[in-house]
Amino acid sequence: MVEYKDMVLKVVGERLSPTKMKVKAGDFEIVMDKLGGEAPSPIDYVLAALAGCINIVGTLVAKDMGINIEDLSIEIEGVFNPGKLYGKGDERAGYKEIRVKVKVKTDADEETLKKWLEQVEERCPVSDNLANPTPVKVEFEKC
């Protein structure tokens, strides 16, 4: 059995404007902006991260279960109230609900796909971080 050790992933953000930021993740750059800005917003990226993770984990789980996936698409909707973001509301700042629809083209039967999706949800790190509390420690350092 393979033993896995904890990994530390790091991203570094650089402010481009009051609303726009360039984030480096390894050798890649991600640009984000406010809602309706010049790039996807951080909360758009949360949904995008979930879609990407479901695709990757879905492929891994399908391989483990001997399922052949011919095609896969994912539609995700997040219900969000921006009141708290703008200091005008009492509702939570994050998504109130996230709905995911996975469309999969395969010869696997429905019962097998239900088991597949259960495993995907259980093994997806992004889904886990959204569904369960993760300690977040934010501090500042004056430049």
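Up top is the structure.
Residue numbers restart at each chain and count upward from 1, following the sequence in its written direction. Residue-level local features of this predicted model are given only where pLDDT is at least 70; pairs of side-chain atoms are given and counted only at 80 or more, and the full residue set underlies all totals for whole chains, interfaces and linings. Only hydrogens and water are set aside; all other atoms, that is, all heavy atoms of the structure, feed into the side-chain values.

> How would you explain a nonpolar patch on the surface if you had to name every residue and give the values?
Residues with no salt bridge and a relative accessible area higher than 30% make up the patches, which join like charges within 9 Å and nonpolar side chains (Val, Leu, Ile, Met, Phe, Trp, Tyr) within 5 Å. To be clear on the numbers: accessible area is Shrake-Rupley with a 1.4 Å probe, and residue cover counts the displayed protein chains and nothing else. For salt bridges, the criterion is a side-chain nitrogen of Lys or Arg within 4 Å of an Asp or Glu carboxyl oxygen. On the surface, Leu35, Leu85 and Tyr86 cluster together to form a nonpolar patch covering roughly 320 Å² of accessible area. Helix and strand definitions here come from DSSP, where helices need a minimum of 4 consecutive H or I residues and strands a minimum of 2 consecutive E residues; each element is numbered from the N-terminal end. Inspection of the secondary structure assignment puts leucine 85 in the loop between β4 (69-79) and β5 (97-106).

> Before we move on, can you summarise the side chain of lysine 22 with the specific residues and values?
Inspection of the secondary structure puts lysine 22 in strand β2 (residues 21-25). According to the relative accessible area criterion, lysine 22 is buried, its value standing at 19%. The cut-offs for exposure are 20% and 50% of the maximum accessible area for each residue type, with area from a 1.4 Å probe on protein chains only; residues under the lower value are buried, those over the upper are exposed, and the others partly exposed.

> Requested: an account of the sheet that holds strand β1 (residues 11-15), with residues and values cited.
Strands are treated as partners if at least two bridges between them are detected by DSSP. The strand order across the open sheet formed by three strands is β1-β2-β3, and the pairing between neighbours is antiparallel. Edge positions in the sheet fall to β1 and β3 (28-32), since each of these pairs with one other strand and no more. Direction aside, neighbouring strands of the sheet carry axes that sit 25 degrees apart on average. For β1 and β2, the ladder comprises five bridges, and the chain directions are antiparallel. The partner of glutamate 14 across the bridge, within β2, is lysine 22. Inter-axis angles, ranging from 0 to 180 degrees, are taken between N-to-C directions of lines fitted to C-alpha atoms, where helices are fitted over the stretch in contact.

> Before we move on, can you summarise the packing of aromatic side chains with the specific residues and values?
Planes of paired rings set the category: under 30 degrees apart is stacked, over 60 is edge-to-face and the rest tilted, where pairs are Phe, Tyr or Trp rings (Trp by its six-membered ring) whose centres lie within 6.5 Å. Counted under the stated rule, the structure contains one aromatic pair. With a centroid separation of 6.1 Å and an interplanar angle of 65 degrees, the aromatic rings of phenylalanine 80 and tyrosine 95 are classed as edge-to-face. Separated by 15 residues along the polypeptide, phenylalanine 80 in the loop between β4 and β5 and tyrosine 95 in the loop between β4 and β5 bring together distant segments of the chain. A residue is classified by how much of its surface remains accessible, and phenylalanine 80, at 22% relative accessible area, is partly exposed. The buried category is assigned to tyrosine 95, whose relative accessible area is 12%.

> Any details on the pattern of salt bridges? Residues and values, ideally.
A complete count under the given rule lists nine salt bridges for this structure. Salt-bridge contacts for glutamate 29 lead to lysine 22; the nearest nitrogen and oxygen are separated by 4.0 Å.

> Go over the packing of helix α1 (residues 42-65) against helix α2 (residues 110-123) with me, naming the residues and quoting the values.
At their nearest, the axes of α1 and α2 sit 9 Å apart, and the two run at 130 degrees to each other. In this view, α1 runs oblique relative to α2, as classed from their interaxial angle. Crossing of α1 against α2: the hand is right-handed. Touching Ile54, Val57, Gly58, Leu60, Val61, Ala62, Asp64 and Met65 of α1 are Thr112, Lys115, Trp116, Gln119, Val120 and Arg123, all from α2. Tallied by class, the residues present in the contact of α1 with α2 amount to eight nonpolar, three polar and three charged. For classification purposes, an angle smaller than 35 degrees is called roughly parallel, one larger than 145 roughly antiparallel, one from 65 to 115 roughly perpendicular, and anything else oblique. Crossing handedness follows the turn of the near helix against the far one: under a right angle anticlockwise gives a left-handed crossing, and clockwise gives a right-handed one. Contacts are assigned to residue pairs that have any heavy atoms within 4.5 Å of one another. Lys, Arg, Asp and Glu make up the charged group, whereas Ala, Val, Leu, Ile, Met, Phe, Trp, Tyr, Cys and Pro make up the nonpolar group; the residues left over, Gly among them, are polar.

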